[in-house]
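Structural overview
Chain by chain, the residues:
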Amino acid sequence: MQEWQKLLSRSVVKVEDLPFIPESEEYRERLRKVAEVFPIRINSYFLDQIKSADDPLWKQVVPTEAELEDFFDEEDLLISDPLNEEGDMPVPELVHRYPDRVLLMLNNQCPIICRFCTRKRKIGFPGIVTRETLRQGIEYIREHTEVRDVIMSGGDPLLVPDNELDRILGELHAIPHLEIIRIGTRVPGTLPQRITKELCDILKKYPPLFFNIHFNHPSEITPEVEKGLGMLAEAGIPMGSQTVLLKDVNDDSAIMKELFHKLLKNRVKPYYLFQADMTLGSNHFRTMVQKGLDIIRDLQGHTSGMGIPAFVVDTPGGGGKVRLLPDSVVEFNEKEVLLRNYDGKVYRYPQPTSETSEKETSSKDNVCQMTA
Ligand SMILES: *Cc1c(COP(=O)(O)O)cnc(C)c1O
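Below or above, wherever it landed, is the structure these notes cover. (Residues numbered from 1 in each chain as written. Predicted model: local features only at pLDDT ≥ 70, side-chain atom pairs only at ≥ 80, totals over all residues. Heavy atoms only, no water.)

So, on to the overall build of the chain. Counting its regular elements, the chain contains 15 helices and 12 strands. Taken over the C-alpha trace, the chain has a radius of gyration of 22 Å; the compact-globule value for 372 residues is 21 Å, and the two agree within 12%. Principal axes of the C-alpha set define a box for the chain whose edges measure 70 × 50 × 40 Å. Here the chain holds 372 residues, and the buried ones make up 53% of them. For the chain, the exposed surface amounts to about 17,600 Å²; the carbon and sulfur share of it is 53%. The distance from the centre of the 46 positive side-chain charges to the centre of the 59 negative ones in the chain is 4 Å. (Helix = DSSP H or I, 4+ residues; strand = E, 2+ residues; numbered from the N terminus. Rg over C-alpha atoms; globule rule 2.2 N^0.38 Å. Buried < 20%, exposed > 50% of the residue type's maximum accessible area, 1.4 Å probe, protein only. Areas by Shrake-Rupley, 256 points an atom, 1.4 Å probe, with all protein chains shown as cover. Lys, Arg positive; Asp, Glu negative; His and termini not counted. Charge placed at Lys NZ, Arg CZ, Asp CG, Glu CD.)

Below is the structure:
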């Protein structure tokens, strides 16, 4: 067994082993009800990083009574699919929602179980994605030449053993029309020991392979995590981050700025900041949508543009991701555009006067491009 496998096998999965929870047996009994339906997992590396019950790391992985407030029973959870992913699966475990890219689910296991997970209906349960299911998914990609980008997800693809991962990456990489492969993972920030030289040697063989790494708080970036990110960068993996906006965890401009700066220093480009999804039992994590816009406005102009992710709402019901921007267009017409800059002053940009450009700029769509 490798070190990361040992750390994973020593995970906290039972209520009585949770750190910093009240002694009350009645309270624990309530948590057991939650955990029966939505499992607990805190691997022993991540557990070591948790310092107290106020800890932003604690809040992400330890169930609380608040989970019961918008939570009914197992039945509800099983059908809970806020983004209607099941509705866009032409074959099992493959989501084809956008024209040219697909999401391929490899497993149901994660290094930690996030209480706000959008795939609660699957994660942590014993059911596995079978070889046959995976074969069908890869076959679908092979047959659909419009698919030029695949995002491996789950679960967490990096919990798949090296030889299996090597095989899957090899099959995908051999598909001529597939231009890029992405891995969506929370492993680098929550089980950094998984980033081994052997893993990097495998990843190196399949360029262009991108990582989208889930990070929510600056305290996740420990020396061990920095070492793993360094190894991935040295292996030539371009890295982006995905962050979920969570109440009382990271809904604060200063915390976000610290996170994004730390990511940049470790060669990770902040990619998406997500409004929390409408997952059952996670209402207490949701913020007002305005909060995300305020954070983006506080950052824009005040720090490297490279360090600012796109703020996105993944629309309930399967409409996909929609980017939101703080208001920067004061006035927009065929003659001019009035724009508010980062410190609140308004500037005028006169439009060109030729006929063709008037036609091009008169559509409302361009407002979005102007503000992007
Ligand atoms: C997020 C997502 C993608 C990838 O979106 P990008 O904006 O290209 O990063 C693809 N498919 C599904 C279903 C998604 O939710």
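Okay, back to it.
The next point concerns the site of the ligand. By nearness alone, every residue bordering the ligand is listed as Val95, Arg97, Tyr98, Arg101, Leu103, Ile151, Arg182, Tyr271, Tyr272 and Lys321. Between the ligand and Arg182 there is a distance of 2.8 Å, counted from an oxygen atom to a side-chain nitrogen or oxygen. Between the ligand and Lys321, the relevant distance is 2.9 Å, taken from an oxygen atom to a side-chain nitrogen or oxygen of the residue. Within the complex, 88% of the 390 Å² of free accessible area of the ligand lies under protein. When each cavity is represented as a set of grid points, the ligand is found to reside in the largest pocket. Listed by contribution, the elements that provide at least two residues to the shell around the ligand are strand E1 (94–98), strand E2 (101–105) and strand E7 (268–275). Among the elements that line the shell around the ligand, the one with the most residues is E1, at three residues. (Near = heavy atom within 4 Å. Polar contact = N/O pair within 3.5 Å; in protein donor to acceptor, adjacent residues only side chain to side chain. 1 Å grid on protein atoms, 1.4 Å probe; cavity = no way out; pocket = protein on both sides within 12 Å on 5 of 7 lines; lining within 4 Å. Sits in = over half its atoms within 2 Å of the grid points.)

With that out of the way, let us pick up the sheet that holds E7. Sheet architecture is open: nine strands sit in the order E1-E2-E3-E4-E5-E6-E7-E8-E9, paired in mixed fashion. Looking at the sheet topology across the chains shown, the edges are occupied by E1 and strand E9 (320–324). Taken over all neighbouring pairs, the strand axes of this sheet differ in orientation by 25 degrees on average, direction set aside. Note: strand E5 (residues 209–214) against strand E6 (residues 239–245), four bridges, orientation parallel. For Ile213, the partnering residue across the bridge sits in E6 and is Ser241. Packing of helix H7 (residues 131–143) onto the sheet brings it into contact with E1, E2 and strand E3 (149–153), and relative to E2 it is tilted by some 170 degrees. The strands touched by helix H11 (residues 223–234) within the sheet are E5, E6 and E7, with E6 carrying the most contacts at an inclination of about 140 degrees. (Pairing = 2+ DSSP bridges. Axes fitted to C-alpha atoms, helices over the stretch in contact; angles between N-to-C directions. Contact = heavy atoms within 4.5 Å.)

Our next topic: the packing of aromatic side chains. Across all of its chains, the model carries three aromatic pairs by this definition. Relative to Phe274, the ring of Tyr272 lies with its centre 5.3 Å away and its plane at 55 degrees, an arrangement referred to as tilted. Relative accessible area serves as the criterion here: at 12%, Tyr272 is assigned to the buried category. Taken together, the aromatic side chains of Tyr271, Tyr272 and Phe274 make up a single cluster linked through ring pairs. Over the aromatic face of Phe38 sits the side chain of Lys120, whose NZ or CZ is 4.6 Å from the ring centroid. (Phe/Tyr/Trp six-rings, centres within 6.5 Å; stacked < 30°, edge-to-face > 60°. Lys NZ or Arg CZ within 6 Å of the ring centre and 35° of its normal.)

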